[in-house]
Amino acid sequence: MRIHCEMYANWVSLTDDLQGDGSLPSSVLDSFGQGTSTAVVLTVVKSLQHQQQEGDRHPAADLMFGVALQTAGEVQWTMEVLGYGLTLPLEEEATLTSCIDIYRDWLSPLIGQAAQHVPRPVVANPEPFAQKIISQYAAVFSPRKGHFGSSSGVRLHATVCRRVLAIIHMLACRAKLSRLTWESILKFMLSVCNRVLAPPTKPGGFAEHLADRLITTLFDVFLRACEHYFPSPPFWRTLQEMCCMWRHHHQVIEQWSDTALRLTLHVIQILYGSSYGRPLQLKLITEDEQVYCSYSTMAKDCITQCWFRMLHTLGNLVDLSRPDVIGSMPAFLEDAQRREETLTLRDHVCLRHLPRIFFKAMKGLAANVDAYLMIGTGEEICSPADPVSPARGQPGAVTPTKPRLEKRDTIGPIPPLSSEGRTIQLGSLESQSKPVMFSRPDGNSLLHLFGKWLFEATIPDVKIPEPLLKSQQGDSFTGKPRLANRRSSSDMSTVLHDSRKSNVSMETTRQDDTISNATFEAGRAEAFGALCRIFCKQKCAVPFNPVYLARFYHAMAHGLQYDKETCTGQVLTSILMNSTSLFRNDLVGVHVLLPHFVSALEIVLPHKKTDFRFSISQHDLRRSCIELTLSIIALPHHFRKLPIAGVTQRATDGDIVFDQQSQPCTFLSFHDRLASLLFSALRIEQDPGNIHLLLCGVQLLVQDSAMFEALDRKARASTTVSTAEKQLPVTLTDGTSSSDVELTPPNAFDDTNSMGSSTPMSRSRRGHGGSKGWDPAGLFVRACRDIPQRFLHPKTDLNVTLSVLELLASLAQLDIPAVDPGEWQFTVKWLCDYIATLVSQPPPSHKKDLHSMIVAAYQCLQAWIMAKDRLLFEKDTLHHVLEVIELGISGSKSVYLPSDAGEGDNPNRQLKGEKERHPVSIRVRAAAEVLFFCITEHLGSFPSPCGPAVASSQVSESELLALTGEADASAKNATFRYFVLDSTTVFGVLEQSVSPLSDASLPTITILSRTPAGKRCWTLQLRHWPRSAGAQATDHLKPVKRPDPKPDQLIEPTVPKPYWPETADSVPHIKADYSIPSLDQILDSRTEGEQEKLCDAVRKQAAAEADALDRYRQSSDATVPSRCAKVEPPQCCTSFQTSRLFLSHLGILSLENLHVATYQPQPSLVSLGAMNLSLSAAFHELDLMPTRNTENVYVLYVRTGQSKLVDIFRNKGTLRSSPPFHEFLLSLGWPVDIPSHPGWKGPFSSPRFKFCKLNPTPYFANVTVEMLFVVPSLQPQVPFLLDSTAPTPTLGSPKLVSDHSTRQQVEAKEELIPSHLTRVSHSAPTSPTEATMGHRAVTTRDTPPSRLGLKKPGGRSATSTSCDVGLGVVWLESFEDYETFPLEEFSQAMNALDNPTVTIASTAQLNKHKPDCVVIFIHHLNTGLYRIKTASTSKKWSCGGPLLDGMVVSRRVLGLLVRQTVINITRRRRLDTDSSVPPHVPRKRKIEEITRQFEQKYTIPQFYDSIFASTCSSSDA
């Protein structure tokens, strides 16, 4: 049988000439007896050895070995004898070895080291003799028998043959040979290899001992021959034909893989430059010696030719999966003819190892693919030599090692391979910490090279079933074949065409019971993995050939089928672990695989351990499945009711049958299945990293579903939706409404309890309308109840806890009408109990991680309270929240009630004012204080009518005093009186009205309060009548008209009038009547003297008053009592000491507040001095301190091919050229003008950085954080700041003003963004929020600060609350540009722009100020979705999510998720940084400093005297 070789079809093969019959060569000594011939050989050999020894002993003597052989004829005769000696049996090992050594010495002239005993004819002309010696050496490899036994003789024979191979290899490496000699060596190697390797392998046979060294020497000698004399095509054809006959040896496949990979690495250097690494030197360490192979001296064309020819040396590698093809080789047929019994395929032991050999071949082929894709680490591109482990009675089944993961967007050098018995080291290839950047080949080129083998290996023999196939386990495409039409690989185009019309299912013909197609699944898995990596590494600018896409989708449809009875799961595992980026790319038509992948994911994710029949890392498999799920979550709501080509469904008895006539399967029908997958995976997942991915996926799913429902609800409302339908509660799976859901048990993640069905597949068969349990309301309920119960425990990993709390905080921002408010109360109650549980942990558990959990829980609780302000209207909820606030501040709760005692009888009861403060940590106390400040300062009043940008009052004392002068001209000298309460609150009191419309007859006061939470200004008025009344308040202060006196009426007799009714004495007294003791009861010896003095003074005063009254009545001017006297009430007071009234009404003028307690160095109430320059400067510095965390995020637009930061910063016209980018900017926040913005107190205090007013900056703020998204491309001064050689222009220069859109153009383009992204509720604003009175939204964009009555402070905050990590968002036109993005340079530039003390042009200073940097890359896919990539300069960083590496999101939630990711990253960074404090802490310290510096040291009488003192000249004393 002749192997068909298309490459060399027009060239003659040397196979027939080199094969022979394998017998020993003939010699003239064969005519004599064996004993005589052996004696002759022994005599000649001993004589030659003796002469050699004498020559070595006397090198200068005339007696040399060369003297004995003077002519060429003598040498030829001696060579006949030595040639016969090479055919001696193994019993004559010494003689045989001596013949080999003598010939080795005779070959030394070829390497320039001829010994003295070498014959002179050989020294003079060594080439002809060398060619004959090489041909005679072939006799050593002929089969022979030895007397040492079978195994010993085989080992001895192999040792002798290795000796010859070493000589030939030495000759090829060191000698300078002619073309004929090279051809002799090549013919020798081909002949002996074919003689040894072509026959069927026998256990323990000669080929097993020699195959490794034999094939290694053959390939190395062949490639070395190419450097000096490139073999002619007949030799390459012969090599290919013979290698195809040796493929049943695994050593051949291993050495071919190593050689092909070495050549591939060199070709990559030739094609793409030396940036990949210096020329490689591969080192093979074998048992006997070290062989060094270097191709650095070979020409580039020679290496390229050798690589391509060597790659095709083994022919069609897929034939290794066909035992009938390998078993029909000529050597197998000849072996069968020599036997008397009939042989079958199962009788050949070597064919049982074909699955292992096929696996090695596919793995070697995949290693070459990975080399071009720049994928791999030392563990991933590993040796094809893996142990063979039969699976369940299947001989030859392969159990591979860890399947190769798709390298997630990682580029790096290709590591070495390792194989059995040898180690491969890349001596010159240096490991690079930074990815190697060059243009890797496109997928079409790789498929041109390897696609034929890979596609054919993935789909062996295929049968086409009937169109209607019943789904297996909910799979949309799997089924059992019912049609037996065979299709060969050549009919692939027909199969691809028919696959659109019917479902193609794979079923192999059972070739043999012991060598079934399932045993080759490991090799198919490697082929699938290589194909997946090729298609996942698509270049954006080069689409795949449609034919390749069709074949790939067809192969994937078969590979994703799984039947546990016939499959081991290796193919399915390889696909899942290598296709995580498949749906992240713009592959045309890739979404037809969505049903297959969802069905495959349902096999893995809902189960703790798969039933695959091979060893696999469950962690890596689940990680790949989760990442794959995250890339398809956005598809159902993005494509909605778009049908999936080739997939249809119709319901039949609860199952789904797919055919062509029924209702088409849409993308939206997979929403419920994906949701079920996520929650089912969360139920059993144990790995913290995988849990974090799943939680981010749940957050993406819930937010995207809620946004989709909101848009859909808005669309229905604009058409035909009744009000009654809007108010209907959402029904869950079991028929109950969302408000009727009870507290789920601890096993809430059980399918039967939370999903309403036993398996996810059965739940997904309810039609594409979906179960109501997976709508936004149902998802919200499950996420709020099941996830905290599953993960919020003290022993949970910190990252998992933070992810859960971040998820709950994001759910608080959602406004889903169908969710019952009871769910909010349940979540808040759960968070309160969780905080109490963490605080109550034993002291050994109180470490940094535990306190970080508590702080994060407080932050989550704050998000819920601020988003759902109605929660605190409930008494129980308010009690729980205030209780945990008290617990965080003081370390304990005030009331401890045992179960058997009432509140009044509890001896352990402790009031708040009676206990000492022992918080668990300073961070926990600060977090509780932040929550308390939010409730007291912002709850129900945020955002203010000025918008969320203003968190504190912007008014100052000077402005209030100016308004006071306008309202009352007599109060021009009015001043503020300042008091400090508990060293935390500074309030200035102005007793004059600031409004000219206010009534001066009522007590009015203006309070300017400064607290750690901010500054507030109130105008208070004491009124006894509500403002809602129609009458004026002054009308009720007029005297009541009394009747005129009547003198004719008699005067009533003087009768003592009781103070109480007469019936009061009959009422029995209770303990409360005696709660106020009499004066006599509290007297003691110390106060008795003072009491007597007081009583004496009272008696004297009473006597004086009585005497004065008598004298008045006796006088003639007495009018009272008189029948004619008219009683007039006193006039109403119009001048008040409002500051005293205010402090008295608040109850802070008590003596207790004026005494110094043991736990505080100052009284609770402290009076400050009058306003002066120092106090004014201190207040000004306090006002500049931010009250919220400020985050500065840089947004860059990277055009295709840009890699320099200056060029990226100089991008112009990005808004005009990219509407999606402009829409994305608007979704980040609302555009503001930073120089006139009233609220921003973040970076950019440097005078050298000024914002261009023509380009507003996106800004976002809520109650705890404000973010500024700086777009350097829209700020023309930034590129000049980065370029030290260019002069820095001013804002007035035409160079900056030109080429930029005006503000009107920017606002005109806001129509590109949907209305729901520009006007939403304040819970998750993307634009300024509306006021609470139902008026139109008052925004900083619509109304300038001057019209709002606001004034921006003159400077920036000296205390920054920005995080110490640089944040960037990079928009990529081409996704591959993330590889060349200057991340380190970008980090330095952000630090320079944020820090005014750093000079950008100074490299040394930039290196000193280089913080960590986190960048979120965004790439707009052709489908309208967005691919996410994250990167960081820090080796240890925790991405808080929800945006993760590899996630695909929709435009509806992109801006929202970016903001949440920035907030979560900075929060985690602050939790990890010990020096980070909340914004209120520096303000609190500043207030304490002001108190200590400006406190008035009053005694108690002096303080009261100052309170009653007049504050202005117009006031009454």
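Residues numbered from 1 in each chain as written. Predicted model: local features only at pLDDT ≥ 70, side-chain atom pairs only at ≥ 80, totals over all residues. Heavy atoms only, no water.

Our focus in this paragraph is the packing of aromatic side chains. Counted by the stated rule, this structure contains 38 aromatic pairs. Aromatic side chains phenylalanine 358 and phenylalanine 520 sit 5.9 Å apart centroid to centroid with 75° between the ring planes, which places their arrangement in the edge-to-face category. Here phenylalanine 520 lies in the loop between helix H18 (492–498) and helix H19 (521–536) and phenylalanine 358 lies in helix H16 (residues 354–373), a separation of 162 residues in the sequence. Of the residues examined, phenylalanine 358 reaches a relative accessible area of 0% and is grouped as buried. The interplanar angle of 20° and the centroid separation of 6.2 Å between the aromatic rings of phenylalanine 612 and phenylalanine 614 together place this pair among those described as stacked. Comparing phenylalanine 612 with phenylalanine 614 shows no difference in burial state: the two are buried. (Phe/Tyr/Trp six-rings, centres within 6.5 Å; stacked < 30°, edge-to-face > 60°. Helix = DSSP H or I, 4+ residues; strand = E, 2+ residues; numbered from the N terminus. Buried < 20%, exposed > 50% of the residue type's maximum accessible area, 1.4 Å probe, protein only.)

Attention shifts here to the sheet that holds strand S21 (residues 1365–1372). Read from one edge of the open sheet, eight strands run S18-S19-S20-S17-S21-S22-S23-S24, paired in mixed fashion. Strands at the two margins of the open sheet, each flanked by one partner only, are strand S18 (1230–1232) and strand S24 (1448–1449). In this structure, S18 lies alongside strand S19 (residues 1257–1261), joined through three bridges in antiparallel fashion. By the bridge assignment for S19, valine 1232 is matched with threonine 1257. (Pairing = 2+ DSSP bridges.)

A separate point is the nonpolar core. If you look at the biggest cluster of nonpolar residues, it comprises 324 residues, and the most contacted ones within it are Trp106, Tyr137, Trp246, Phe535, Leu582 and Trp864. In this view, phenylalanine 535 contacts Leu447, Phe455, Phe544, Tyr548, Leu549, Phe552, Leu582, Asn585 and Leu587; residues no more than four positions away in its chain are not counted. Membership of the second largest hydrophobic core comes to 19 residues, among which are Leu960, Phe976, Val986 and Leu1008. (Core = buried A, V, L, I, M, F, W, Y, C linked by side-chain atoms within 4.5 Å. Contact = heavy atoms within 4.5 Å.)

The next point concerns the pairing of strand S14 (residues 1004–1011). Of all eight residues in S14, eight are buried, a share of seventy percent or more. Residues of S14 alternate between two faces, with Thr1004, Thr1006, Leu1008 and Arg1010 on one and Ile1005, Ile1007, Ser1009 and Thr1011 on the opposite face, all of them buried. By the bridge criterion, five bridges tie strand S13 (residues 985–990) to S14 in an arrangement that is antiparallel. For glycine 988, the partnering residue across the bridge sits in S14 and is leucine 1008. In terms of strand pairing, S14 meets strand S15 (residues 1014–1021) through eight bridges, oriented antiparallel. Paired with threonine 1004 across the strands is glutamine 1021, a residue of S15. Counting the residues that bridge the hairpin from S14 to S15 gives two residues.

Before going further, it helps to examine the packing of helix H25 (residues 671–684) against helix H30 (residues 776–791). Helix-helix packing: each pair is described by the crossing angle between the helix axes and the interaxial distance. The N-to-C vectors of H25 and H30 enclose an angle of 15°; their axes lie 10 Å apart at closest approach. Considering the angle they form, H25 stands roughly parallel to H30. Seen from above, H25 lies across H30 with left-handed handedness. Across from His671, Ala675, Phe679, Leu682, Arg683 and Ile684 in H25, the residues of H30 making contact are Leu779, Arg782, Ala783, Ile787, Arg790 and Phe791. Among the residues forming the contact of H25 with H30, the class breakdown is eight nonpolar, one polar and three charged. (Axes fitted to C-alpha atoms, helices over the stretch in contact; angles between N-to-C directions. Parallel < 35°, antiparallel > 145°, perpendicular 65-115°, else oblique. Left-handed = near helix turned anticlockwise from the far one by under 90°. Nonpolar A, V, L, I, M, F, W, Y, C, P; charged D, E, K, R; others polar.)

For the rest of this paragraph, the subject is the environment of glutamine 269. Relative to the helices and strands, glutamine 269 is located in helix H12 (residues 250–272). A sequence separation of 31 residues divides glutamine 269 from lysine 300, and the C-alpha atoms of the two residues are 9.8 Å apart.

This part is about unusual backbone geometry. Residue proline 943 is bonded to the preceding phenylalanine 942 through a cis peptide linkage, with omega at 0°. In this structure, methionine 374 is a non-glycine residue whose phi angle is positive, near 60°. Topologically, methionine 374 is positioned in the loop between H16 and strand S3 (418–419). For serine 983, which is not a glycine, the phi torsion comes out positive at approximately 60°. Relative to the assigned elements, serine 983 resides in the loop between strand S12 (977–981) and S13. For serine 983, a relative accessible area of 17% gives the class buried.

All right, on to the pairing of strand S23 (residues 1426–1432) then. Of all seven residues in S23, seven are buried; the element is thus mostly enclosed. The pairing of strand S22 (residues 1412–1420) with S23 spans seven bridges and is classified as antiparallel. Residue pairing across strands places histidine 1420 opposite tyrosine 1426, the latter belonging to S23. Linking S22 to S23, which pair antiparallel, is a turn of five residues; within it glycine 1424 sits at a positive phi near 95°. Taken together, the two bridges between S23 and S24 define a ladder with antiparallel strand orientation. Each residue of the ladder has a partner; that of tyrosine 1426, found in S24, is valine 1449.

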